[in-house]
Amino acid sequence: MEAVLAFFNQYGALLAQGTLDTIVMTGLSTLFAYVIGIPLGVLVVVTGPAGLHPKRALNAALGWVLNVGRSIPFIILLVALIPFTRFIVGTSLGVPGAVVPLVVAAAPFVGRMVEQSLAEVDGGLIEAAQSFGASTWHIVYKVFLRESLPSLVRGASITFITLFGYSAMAGTVGAGGLGDIAIRYGYQRYQDDVMIAAVILCVILVQVIQSLGGLIARKMDKR
Amino acid sequence: MIQIEHLSKTYHNPSASGDAHHALHDVSFDIADGEVFGIIGASGAGKSTLVRCVNLLERPSSGRIIIDGVDVTGFTGKSLLELRAGMGMIFQSFSLFQQRTVLQNVTFPLELRHDPKAHREARAFELLELVGLTDKAKSYPAQLSGGQQQRVAIARALANSPKIMLCDEATSALDTRTTASILALLKDINQKLGVTMLVITHALSVADKICDKVAVIDKGRLVEMGATAQVFANPQSNVTKELLDSRIRLATAALSEEPAVLATIEASGEQDLARSGASEEPRGFGAAERKGF
Ligand SMILES: Nc1ncnc2c1ncn2[C@@H]1O[C@H](COP(=O)(O)OP(=O)(O)O)[C@@H](O)[C@H]1O
Ligand SMILES: [Mg+2]
């Protein structure tokens, strides 16, 4: 018991800071990934062969970008993007330095997930909206996005959890966070107790996000 | 009110080697103001294509669509959206927005016009009263029966006070009793509000109940047209005779209840007399189960 207390006295602040860093880093990345990924997914659906405005070349180009974006290993992206990251946020270190590559890695992934969510929307609803004189813009946000909202929320929790895994790697650029703590203390200094505590926190965090995402999606889904 | 002149529609199938499918071929007819006009024909005859051409959800390959004296065939952009807003449409599968309440479904067409919210909702309640569903305003479509969903769809179609209503197989997913009540409602709307209706159906009984005039189409061609009673009493074309024939066979079969004859009912695909279709029972139960509460 005393050992546990002593452990928390020594490492509690470190682990709390790590948890906070991870949440901020992953949360911000998820948010920005959606700011970019939603328009991408919508564009792919709208310009698709059966979309509202089929545009063959643009659609093919977008599909290519999304596929290539998703096929580059994150650790390589992290390093390759260092100049770009510096240009955008002024540094390649710390939480801001990690968010840029995380967003770049996640945006194509989010684009595909958004595309899939929108594709699930019944074509009859699109036609009904058109029959009432809805513009493309109205159809996008009043039908596609609104009707697929529960599915988008489920996708967002998957994205958060995926980025959570990536954020551990971002620790190598000094972004901090639980993954970074686990590697620095466990792997480099053989302090297994700190590593195990960090991993347990990771597991709890993932569970909470997964359950929360599922709960919100179920609550809002009226089908 | 609606004039269709030499309307043709050809689908070019990109997958097959330049295969062209003539869904409509030189179809012409006029619908008078306030009329209920029926289009009947077998499945695949081109009925949906025809009705979708009227609000330009489908672009005619040739021919003209004239609404209220205005040639609308070439309408695009804003004028196209306004044209569509002036017509209401209902569908076989109801096509209600699942994540919106009944009230929000009915206000949808008004949201597109930027009506103030209070105004929209007042109008929606008026319409829900008309279709007898004011108590369901806060429900979601999944909690309603098929007949109730179609009533909501009718209220939604009327939101913009259209002069024209397009009904594509609006009762084909409903059972006999529900069909009768929906048809009565449509007739009521036609008489009270003077809405001109284009009613698409493969079921002759539907045309028989509400249409003033009918046109029969077969393989994309208009084969017969006239006052409903006249066409049914004295059919001219073989297609119409066959359609009527199968109906009489069905009626006799339903009386005799012989298994062999009943099998022909199923095969002939006439649903209005067979005892199939959606029931009036609410369907929200499954949804509640899926949520796991
Ligand atoms: N988008 C389309 N592309 C190609 N063929 C189509 C399309 N829509 C309808 N068709 C064809 O046109 C014909 C008429 O279809 P439709 O108007 O839906 O008939 P109905 O409503 O009378 O059953 C059918 O043979 C159908 O396969
Ligand atoms: Mg059809």
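Everything quoted here is computed from the prediction, not taken from an experiment. (Residues numbered from 1 in each chain as written. Chains lettered and ligands numbered in written order. Predicted model: local features only at pLDDT ≥ 70, side-chain atom pairs only at ≥ 80, totals over all residues. Heavy atoms only, no water.)

1. Section: a nonpolar patch on the surface
Residues and elements named next belong to chain A.
Phase 1: The grouping of Leu20, Val24, Leu28, Leu31, Phe32, Val35 and Ile36 at the surface amounts to a nonpolar patch, some 600 Å² of accessible area in total.
Phase 2: Along the chain, Leu28 turns up in helix α1 (residues 2-47).
Phase 3: Classification of Leu28 as partly exposed rests on a relative accessible area of 34%. (Patch = residues over 30% accessible without salt bridge, like charges linked within 9 Å, V, L, I, M, F, W, Y side chains within 5 Å. Areas by Shrake-Rupley, 256 points an atom, 1.4 Å probe, with all protein chains shown as cover. Salt bridge = Lys/Arg side-chain N within 4 Å of Asp/Glu carboxyl O. Helix = DSSP H or I, 4+ residues; strand = E, 2+ residues; numbered from the N terminus. Buried < 20%, exposed > 50% of the residue type's maximum accessible area, 1.4 Å probe, protein only.)

2. Considering the environment of Thr26 of chain A
Residue and element names in this part refer to chain A.
Phase 1: Among the secondary structure elements, Thr26 is positioned in helix α1.
Phase 2: When the C-alpha positions of Thr26 and Val4 are compared, they lie 29 Å apart, and in sequence the two are 22 residues distant.
Phase 3: At 2.7 Å, the side chain of Thr26 forms a polar contact with the backbone oxygen of Thr22. (Polar contact = N/O pair within 3.5 Å; in protein donor to acceptor, adjacent residues only side chain to side chain.)

3. Describing the packing of α1 of chain A against helix α8 (residues 149-170) of chain A
Residue and element names in this part refer to chain A.
Phase 1: Packing of α1 against α8 leaves a shortest axis separation of 9 Å and a crossing angle of 130°. Considering their axes alone, α1 and α8 lie oblique with respect to each other. For the pair α1 and α8, the sense of crossing is right-handed. Contacts between α1 and α8 involve Thr22, Ile23, Met25, Thr26, Gly27, Ser29, Thr30 and Tyr34 from the former and Leu152, Gly155, Ala156, Thr159, Phe160, Leu163, Phe164 and Ser167 from the latter. (Axes fitted to C-alpha atoms, helices over the stretch in contact; angles between N-to-C directions. Parallel < 35°, antiparallel > 145°, perpendicular 65-115°, else oblique. Left-handed = near helix turned anticlockwise from the far one by under 90°. Contact = heavy atoms within 4.5 Å.)

4. What to know about the environment of Asp208 of chain B
Phase 1: In this structure, Asp208 of chain B sits in helix α7 (residues 204-210).
Phase 2: For the pair formed by Asp208 of chain B and Glu35 of chain B, sequence separation is 173 residues and the distance between their alpha carbons is 14 Å.

Nothing here speaks to function; it is geometry throughout.
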